[in-house]
Every structure is written in C-alpha cells, then in structure tokens.
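Coordinates in review
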Amino acid sequence: MSKPIYVTQPYLPPLEEFTPYLEQIWENKWLTNGGPFHQQLEKELAEYLGVEHLSLFTNGTIALLTALQVLRITGEVITTPYSFVATAHSLLWNGLRPVFVDIDPITCNMAPDKIEQAITPHTTAIMPVHCYGTPCNVERIQQIADTYGLKVIYDAAHAFGVKYKGESLLLHGDLSVLSFHATKVYNTFEGGAIVSPNAKTKQRIDFLKNFGFADEITVMAPGINGKMSEINAAFGLLQLKHIDNVIEKRKVIDAFYRKSFNGVKGITSLTEPADTKRTFSYFPILVGDEYPISRDDLYIKLKKHNIYSRRYFFPLISEMPMYRGLPSTNKTNLLSAHMIAQQVLCLPIYPDLSIQDQKTILDLITGEF
Ligand SMILES: *Cc1c(COP(=O)(O)O)cnc(C)c1O
C-alpha cells in the first residue's frame, strides 16, 4: 500500500538549518518569557504580514481567549457555526453566549445580512472567521459594528498572509487572531498571535499573556500563561525564510485542482475572492447532487486509496452537545451552513504533494464509477 496522503503535511526546512538556532538558545539559556528569538519573530512577522502590532502566543486558542479578555467582552457574541470548534469554545471559556448566524453559501463566511437580526441588548461583539482564508465582508461588518457599538474580533486562523485590496486582511476589526498550529500554512509546531491596532492594546495583551504582570510586583488583571517559547519562536523565524516558497507551491496545486475540476459535473471549487491575494490554506470542493456518489461515499472512496480528505467543517459547531441547546442553533436558522457542511470536502494541499499524487486524487474523483 502506498503511503498515506493527509489533507495537509507541515513544511519542514532541512534540519541542519535549524541547528544554529538551537545552538544559540543553548548558549543564551533564555528559554521563554520574551527572549531574543521571541522579540525578533514579533518584529519580522509584523513586517512580513504588513501590520504594526503583533503579540505571539503559545497557540491560537489561548490567543482567542485573551483577545476576548483584553476587550472585556461580556454577554452575547455573534459568530459562525461553520468553523473549527475553538472559535465558539473561546466564548464558552469566557462565560459568553455564542449566537450563531448563517453563512453565505458562496464564501462560507458569516452572512452580513443575518447579523443585525441577531443583535440583542446583550450583544457586545462579533467574532467572524475568514473561512479558508476568504476575506469576510469586512466593510459591511465594520459598518454594523459601528452602528451598534460592537467590537469585532476576527478569527483569522486561516488567513495568514492574506492581502485584501492591497493591504493585510488582519488590519480589519478591533483584533485579529492567528494560529500557527502544525496544520496551518505557516507553523511554529504550536503557536498563535494577536494583531492589535495600537501599542497600548498590544501592551495590555502582553501583560495578559504573562499572568497579568505589568512589572515585577504589579499584576494588572487575572492573566494567563500564553507565552511562546524560544524554540517555537526560533522555528518560526526559520519558517519565515521559506514561507513565500511554501505559498507558491500551494498556489500551483490550487490552480491544478481548480482547472481540472472546471466542468466536472457535481464538483464545485470555491469561488476565488475578488481583490484578494490568497495563501491557499485549504482546497475545499462541494460535492453536489449531480455527482454520481454522495460526499461521504467519495470521502470513503478516497480513504480506501489511502487519501485522507477532511470534511471541514462537518459537523457544524452548532450541532455539538455543548451548543445544541442554544436557540440560535435551530436548523432553520442555519440552512446554508447545514447545506455546505453536507457537501464540503477539503482535498490534500501542501508543498510536498507530488504531481503524481495530485493526478491520483483527481482520477479518483473524476474517473469511472
Ligand atoms: C486552527 C484553528 C484555531 C485554533 O488554533 P490553535 O492554534 O490550534 O489553538 C482556531 N480557529 C480556527 C478557525 C482554526 O482553524
């Protein structure tokens, strides 16, 4: 049997390139708490992404929790059921009530037209997700937030390096949260970050991720331990040297799939967003009624050939036991999300996916039944 092909595989630079970083850490004996690699990575990442203020975190989920804390979000937060569970979990962990609104079936992002009707006197924030790196309708969302006095925290875990209208997508909203988990386009094994609009907010975030310490004897708030270690930061610096090459390789695979599925009955690639420089974090297809077999049967067929596609995002967050009881999880409220969750399949996309493997995947999907 050929070796398994997963939906993603982390890019790892040649091991010898990492050795000098490790030697440096051994020499410094500064392992965490804002060491030199941590400082350097914050600087280089902000520069690379085209943002001014960025705080590194141990992972994206702790960054989401901290983003909600620093803005002192209370009550209800409007969010999407079509995401990874961490989006909504971060609300529950802060004692907040998620209010789910439906998605737009073209972008798979929160439908801006559904937001206003979900606002109540308890609503304090909106937490949208740039799903698969496709920009949310940031202008419309900001307009609603301004009208009702709400904060906007973007879960930008899929949006590393994405540019919208020539600028970093991460500049929108009050805060944007990134994940550098091993499965993401850019990874530090585990890691994450918050992009903030000014130095004061970044400072408060930096206190919060270090237990709330503002100096040796002053604790400004009940903070958490969200610090990224020197090893992760060093790896992040090395990854940054390769990231443009990684994105370029993903782009070629995206183009191959897109071209090959064009005109295939029952298979739809996601529409390419306008005014966007993408980083190709996922390649979702929709398996429609016209396709000879169901989405789940296609998933199983691929699996039998050792190809592990993923149903991101199925089941919906709103279908999980800790959310099911909320009034906003009613299926009639989330029809598009339910429809897409039944059809979506994310195909393998990563730098080392060979052309041969891409062709095998294509043949299995478009070949005879
Ligand atoms: C990966 C991911 C997260 C969580 O990030 P971690 O770094 O794994 O904690 C949150 N939201 C979305 C949409 C994600 O894809």
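Parameters at a glance
- Residues numbered from 1 in each chain as written.
- Predicted model: local features only at pLDDT ≥ 70, side-chain atom pairs only at ≥ 80, totals over all residues.
- Heavy atoms only, no water.
- Helix = DSSP H or I, 4+ residues; strand = E, 2+ residues; numbered from the N terminus.
- Rg over C-alpha atoms; globule rule 2.2 N^0.38 Å.
- Buried < 20%, exposed > 50% of the residue type's maximum accessible area, 1.4 Å probe, protein only.
- Contact = heavy atoms within 4.5 Å.
- Lys, Arg positive; Asp, Glu negative; His and termini not counted.
- Charge placed at Lys NZ, Arg CZ, Asp CG, Glu CD.
- Pairing = 2+ DSSP bridges.
- Axes fitted to C-alpha atoms, helices over the stretch in contact; angles between N-to-C directions.
- Core = buried A, V, L, I, M, F, W, Y, C linked by side-chain atoms within 4.5 Å.
- Domains from an automatic or database assignment.
- Phe/Tyr/Trp six-rings, centres within 6.5 Å; stacked < 30°, edge-to-face > 60°.
- Lys NZ or Arg CZ within 6 Å of the ring centre and 35° of its normal.
- Buried area = accessible area lost by both parts, 1.4 Å probe.
- Salt bridge = Lys/Arg side-chain N within 4 Å of Asp/Glu carboxyl O.
- Polar contact = N/O pair within 3.5 Å; in protein donor to acceptor, adjacent residues only side chain to side chain.
- Nonpolar A, V, L, I, M, F, W, Y, C, P; charged D, E, K, R; others polar.

**Observations regarding the overall build of the chain**
Secondary structure assignment for the chain yields ten helices and 15 strands. Against the 2.2 N^0.38 benchmark of 21 Å for 369 residues, the chain shows a C-alpha radius of gyration of 21 Å, consistent with a compact globule. C-alpha atoms of the chain, sized along the principal axes, occupy 70 × 55 × 40 Å. Expressed as a percentage of the 369 residues in the chain, the buried residues total 54%. For the chain, long-range pairs separated by at least 24 residues make up 70% of all intrachain contacts whose partners lie at least 6 apart in sequence. Averaging the positions of the 34 positive and the 37 negative side-chain charges in the chain gives two centres separated by 3 Å.

**Concerning the sheet that holds strand β15 (residues 344–347)**
Taken in spatial order, the three strands of this open sheet run β11-β13-β15, and their pairing is antiparallel. Edge positions in the open sheet fall to β11 (267–269) and β15, since each of these has one partner strand only. When the angles between neighbouring strand axes are averaged without regard to direction, this sheet yields 35°. The pairing of β11 with strand β13 (residues 283–287) spans three bridges and is classified as antiparallel. Bridging from a neighbouring strand, Thr268 pairs with Leu286 of β13. The strands that helix α8 (residues 295–304) touches are β13 and β15; relative to β15, the one it contacts most, it runs at about 25°. Of the strands in this sheet, β13 and β15 touch helix α9 (residues 335–343), which is tilted by about 50° from β15.

**Observations concerning the nonpolar core**
The biggest cluster of nonpolar side chains holds 75 residues, and the ones touching the most others in it are Leu45 and Ile365. Sorting elements by how many residues they give to this core places helix α7 (residues 230–261) first, with 13 residues. No fewer than three residues from each of domain 1 (15–101 + 108–239) and domain 2 (244–366) sit in this core. Setting aside residues no more than four positions away along its own chain, Ile365 makes contact with Phe261, Ile267, Ile285, Tyr291, Leu298, Leu302 and Leu347. Within the second largest apolar cluster, 24 residues are counted, among which are Phe100, Leu270, Met320 and Ile340.

**Considering the sheet that holds strand β7 (residues 163–164)**
With antiparallel pairing, the three strands of this open sheet are ordered in space as β8-β7-β12. The open sheet is flanked by β8 (167–168) and β12 (276–277), the only strands paired with a single partner. Of the pairings in the sheet, the one linking β7 to β12 comprises two bridges and is antiparallel in character. The partner of Tyr164 across the bridge, within β12, is Thr276.

**Overview of the packing of aromatic side chains**
Tallied over the entire structure, the rule returns 21 aromatic pairs. Pairing Phe189 with Phe235 gives two aromatic rings, centres 4.7 Å apart and planes at 85°, and the pair type is edge-to-face. One end of the pair, Phe189, is in the loop between β9 (175–179) and β10 (192–196); the other, Phe235, is in helix α7, and 46 residues separate them in sequence. Using a relative accessible area of 5% as the deciding quantity, one classes Phe235 as buried. In this arrangement the basic side chain of Arg295 is found over the ring face of Phe314, its NZ or CZ atom lying 5.0 Å from the centre. Between the NZ or CZ atom of Arg311 and the centre of the ring of Tyr299, over which it lies, the distance is 3.7 Å.

**Thoughts on the domain arrangement of the chain**
Assigned domains within the chain: domain 1 (15–101 + 108–239) and domain 2 (244–366). The C-alpha centroid of domain 2 is placed 25 Å from the C-alpha centroid of domain 1. If you look at the interface, domain 1 gives 30 residues, while domain 2 gives 34 residues. Looking only at domain 1, the three residues that lose the most surface to domain 2 are Phe100, Tyr132 and Val185, adding up to 26% of its buried area. Our count for the domain 1 to domain 2 interface comes out at zero salt bridges. Applying the counting criterion to the domain 1 and domain 2 interface returns 14 residue pairs in polar contact (both at pLDDT 80 or more). Counting residues per element, the ones that place at least two in the side of domain 1 that touches domain 2 are α4 (86–93), β4 (97–100) and β7. It is β4 that contributes the most residues to the side of domain 1 that touches domain 2, four residues altogether. Here the residues of the side of domain 1 that touches domain 2 are counted per class, giving 19 nonpolar, seven polar and four charged.

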